[in-house]
Amino acid sequence: FKAIERVFGLLGLLLIVVGVAAWKMRPDEMQMAAGLAPSLPPMDRTLYAYFAVALLSSIMLPYETYFYASGAIEDAWTPRHVRLNRLIVIVGFALGSLLGVALMVLGAEFVGPRSIEATLPGTVTLAVGSELGRTGVIVVLAGMCFAFAGAAIETALCCAYNLSQFFGWPWGKHREPRQAPRFVLAWIVVFLLAAAIVLTGVDPIRVVEYSIVFSVVILPLTYFPLMAISRDPAVMGAYANGPVANTLGWAYFVLICLAAVTAIPLLVMTHGGQG
């Protein structure tokens, strides 16, 4: 597991090349700054709302909480791990946000003006290749490979964690396969089922979009227990949320509740984002 974490986690950082390509395109700084101001499009606001809900839910998928919590139990985290995890969250979200901005720059500067339909993840390689050549394409493809594979491993393991914890099976990476056979079998079966779905030829982007939309429907049920526990001094002691964290946390809870209520209607009204 250490090898998996290090290989897929670190080599996924090759995607930083996307940011390098976006920087080399020299986008207009004033237009980028103007884009930070919240605004609504003059038309297709329902479609805009659909993608806003989808993007919001993709930031905090329920499986991430289950996977992270299971890892905390397995690695026997204590309060001394709080500072490290705060650093990981801050750096990780900041880096992810910057790469998201870089992808939008590539879309605005390269994909959009050429009327390219970005229906596959690999479309980004065209923009990177235009600035960094063949080397850039190889690097971004390698980064995508490790990032996608890492996400697949996390998701498969999360399914195994959920099944094992729900049914009371022995589980955990610290156990030998013979000590937790159903846990091991569960993540292998999930991984193979996912591969079988891909081999059918179904559009992977469409699968991801639908999974994200349906995930946001149950997101409040995952988020609420975390907020309730994190503010409880009897459980958290000195690490319980203060007034600022509580206010921001509950404000976000209201936001995801609105997203959960509107997700399915928006999916139907926009025909899955097709307009």
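Residues numbered from 1 in each chain as written. Predicted model: local features only at pLDDT ≥ 70, side-chain atom pairs only at ≥ 80, totals over all residues. Heavy atoms only, no water.

Side note on the packing of helix H4 (residues 45-59) against helix H11 (residues 243-269)
In plain terms, the rule: Helix axes use the C-alpha atoms of the stretch in contact, all axes being lines fitted to C-alpha atoms, and the angles between their N-to-C directions lie in the range 0 to 180 degrees. A helix here means a DSSP run of H or I that spans at least four residues, while a strand means a run of E at least two residues long, and both kinds are numbered starting from the N terminus. Reported orientations rely on four angle classes, namely roughly parallel under 35 degrees, roughly antiparallel over 145, roughly perpendicular from 65 to 115, and oblique for the rest. Each crossing gets its handedness from the near helix: less than a right angle anticlockwise from the far helix is left-handed, clockwise is right-handed. Pairs of residues are marked as contacts when any of their non-hydrogen atoms sit within 4.5 Å. Classes in brief: Ala, Val, Leu, Ile, Met, Phe, Trp, Tyr, Cys and Pro nonpolar; Asp, Glu, Lys and Arg charged; the others, Gly included, polar.
Following both chains from N to C, one finds H4 and H11 inclined at 130°, their axes separated by 9 Å at the closest point. With respect to H11, the axis of H4 lies oblique. Both H4 and H11 take part in a crossing whose hand is left-handed. Seen from H4, the contacting residues are Thr-46, Ala-49, Tyr-50, Val-53 and Leu-56; seen from H11, they are Tyr-252, Leu-255, Ile-256, Ala-259, Thr-262, Ala-263, Leu-266, Leu-267 and Met-269. Taken together, the residues of the contact of H4 with H11 sort by class into twelve nonpolar, two polar and no charged.

Quick notes on the nonpolar core
Here is the rule we go by: We call a set of buried Ala, Val, Leu, Ile, Met, Phe, Trp, Tyr and Cys residues a nonpolar core when their side-chain atoms join them within 4.5 Å. Accessibility here uses a 1.4 Å probe with only protein chains present; expressed as a share of the type maximum, an area under 20% marks a residue as buried, one over 50% as exposed, and anything in between as partly exposed.
Core analysis: the largest hydrophobic core is formed by 16 residues, its most contacted members being Val-18, Leu-106, Val-124, Val-128 and Val-140. Of all the elements in the fold, those that place two or more residues in this core are helix H2 (16-24), helix H6 (82-111) and helix H7 (124-167). If near-sequence neighbours (up to four positions away) are discounted, Val-140 is found in contact with Leu-15, Val-17, Val-18, Val-124, Thr-125 and Val-128.

Description of the environment of Thr-262
Cut-off, in case you're wondering: Residues adjacent in sequence count toward polar contacts only when both atoms are side-chain atoms; beyond that, a polar contact is any pair of N or O atoms within 3.5 Å, and within protein one must be able to donate a hydrogen and the other to accept it.
If you trace the backbone, Thr-262 turns up in helix H11. Assessed through its relative accessible area of 32%, Thr-262 is described here as partly exposed. Sequence spacing of Thr-262 and Leu-103 is 159 residues, and the spatial spacing of their C-alpha atoms is 27 Å. Polar contacts involving the side chain of Thr-262 include one to the main-chain carbonyl oxygen of Leu-258, which spans 2.9 Å.

Let's talk about H2
For clarity, the cut-off: This arc describes the spread of directions from the helix axis toward the C-beta atoms.
Taken residue by residue, H2 has Val-17, Val-18, Ala-21 and Ala-22 as its buried positions. Along the long axis of H2, the arc covered by the buried residues comes to 145°, so they all point the same way. Where H2 is buried, its residues touch H6 and H7. Two residues or fewer after H2 comes Arg-26, characterised by a positive phi angle close to 50°.

A word on the packing of helix H9 (residues 204-230) against H11
Put simply, H9 and H11 touch, their axes get as near as 9 Å, and they point 155° apart. Here H9 is positioned roughly antiparallel relative to H11, judged by the angle of their axes. The element H9 and its partner H11 pack so that their crossing is left-handed. Contact residues: H9 offers Tyr-210, Val-213, Phe-214, Val-216, Val-217, Leu-219, Pro-220, Tyr-223, Phe-224, Met-227 and Ala-228, while H11 offers Asn-246, Gly-249, Trp-250, Tyr-252, Phe-253, Ile-256, Cys-257, Ala-259, Ala-260, Ala-263, Ile-264 and Leu-267. By residue class, the composition of the contact of H9 with H11 is 21 nonpolar, two polar and no charged.

Some remarks on the pattern of salt bridges
Just so we agree on the cut-off: Just to be clear on terms, a salt bridge is a Lys or Arg side-chain nitrogen sitting within 4 Å of an Asp or Glu carboxyl oxygen.
Counting across every chain of the model gives one salt bridge. In this structure, the salt-bridge partner of Glu-209 is Arg-206, at a minimum N-O distance of 2.7 Å. Taken together, the positions of Glu-209 and Arg-206, both in helix H9 and three residues apart, correspond to about one turn of that helix. Given a relative accessible area of 21%, Glu-209 falls into the partly exposed group. Arg-206 gets classed as partly exposed once you look at its relative accessible area, which sits at 22%.

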